[in-house]
Amino acid sequence: MVTSWTQFIPLLAEGAKVTIAIAFISSAVAMAVSLLIGLCRLSRFRAVRAVSAVYVEFFRGSSLLIQLFWIYFALPFIGIELPKFAAAVVAFGLNYGAYGSEIVRSSIQAIPKGQWEACTALNMKPWQTMKTIILPQAFLRMLPPFGNLLVELIKGTSLVYFITLADLTYQAMVLRNNYISWSPVIMVLLLLMYFAIASLVSFGVRLAERKMAAGRM
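Residues numbered from 1 in each chain as written. Predicted model: local features only at pLDDT ≥ 70, side-chain atom pairs only at ≥ 80, totals over all residues. Heavy atoms only, no water.

Asks: Could you give me a rundown of the side chain of Gln 171, with the residues and numbers involved?
Replies: In this structure, Gln 171 sits in helix H7 (residues 168-178). A residue is classified by how much of its surface remains accessible, and Gln 171, at 11% relative accessible area, is buried. Among all residues touching Gln 171, those that are not within four sequence positions of it are Leu 11, Leu 12, Glu 14, Gly 15 and Ala 166. (Helix = DSSP H or I, 4+ residues; strand = E, 2+ residues; numbered from the N terminus. Buried < 20%, exposed > 50% of the residue type's maximum accessible area, 1.4 Å probe, protein only. Contact = heavy atoms within 4.5 Å.)

Here is the structure:
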């Protein structure tokens, strides 16, 4: 017998742990993919640019939910079977990595050409220029849009409910089905918990942005 909304918190908290874990690992994968594909989009080799462009357009142009279904339900038919958690991480990492790659590409392209020319004049190799001069400046430009992307990723993790991964949304739906009369309260708690997680991420990104920007102006 449920007598207080606080009785729902433990189960929702267990779901929140799964949501946070998915978001954290997926964001790490997405960041790595973003950097790799973003640099490939700027490659001097046409074939590399073409392949990376196809990747970006495919993952941005198709539904994340369908990608998740395809990775979890379709890949086993060709002998690749992933656990639910791994399938979610792969789907979110590849999808949001496609969006993130455009942030990387545009941020690098926004660096004045004079920076490249100065490095060339100093006889620096391209990889040295990118690593020590261009990327540190570009990263500061990337932070705000990457923060927005991470918030979107956190909200998007609710889709793992459809592959029955016991995340925050899944646990809320279980509670709602078992305690119909408490549905409004459960939905409010679900909303507030997602808001709290996203707010912490936004705060962390803003803090990192301020620290990196200190002394640059």
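Asks: Pulling in residues and values, what's your account of unusual backbone geometry?
Replies: Unusually for a residue other than glycine, Thr 164 sits at a positive phi of about 55°. Mapped onto the fold, Thr 164 is located in the loop between helix H6 (126-156) and H7. Relative accessible area serves as the criterion here: at 42%, Thr 164 is assigned to the partly exposed category.

Asks: So, the packing of aromatic side chains: which residues are in play, and what are the values?
Replies: Scanning the entire structure with this criterion turns up 10 aromatic pairs. When the ring of Phe 58 is compared with that of Phe 59, the centres are 5.1 Å apart and the planes differ by 90°; the resulting orientation is edge-to-face. For Phe 59, a relative accessible area of 12% corresponds to the buried category. Seen from their ring centres, Tyr 161 and Phe 162 are 5.4 Å apart, and the 70° between their planes marks the pair as edge-to-face. For Tyr 161, a relative accessible area of 28% puts it in the partly exposed group. Members of the aromatic cluster, each reached through a chain of ring pairs, are Phe 8, Tyr 179 and Trp 182. (Phe/Tyr/Trp six-rings, centres within 6.5 Å; stacked < 30°, edge-to-face > 60°.)

Purely geometric numbers; function is a separate question.
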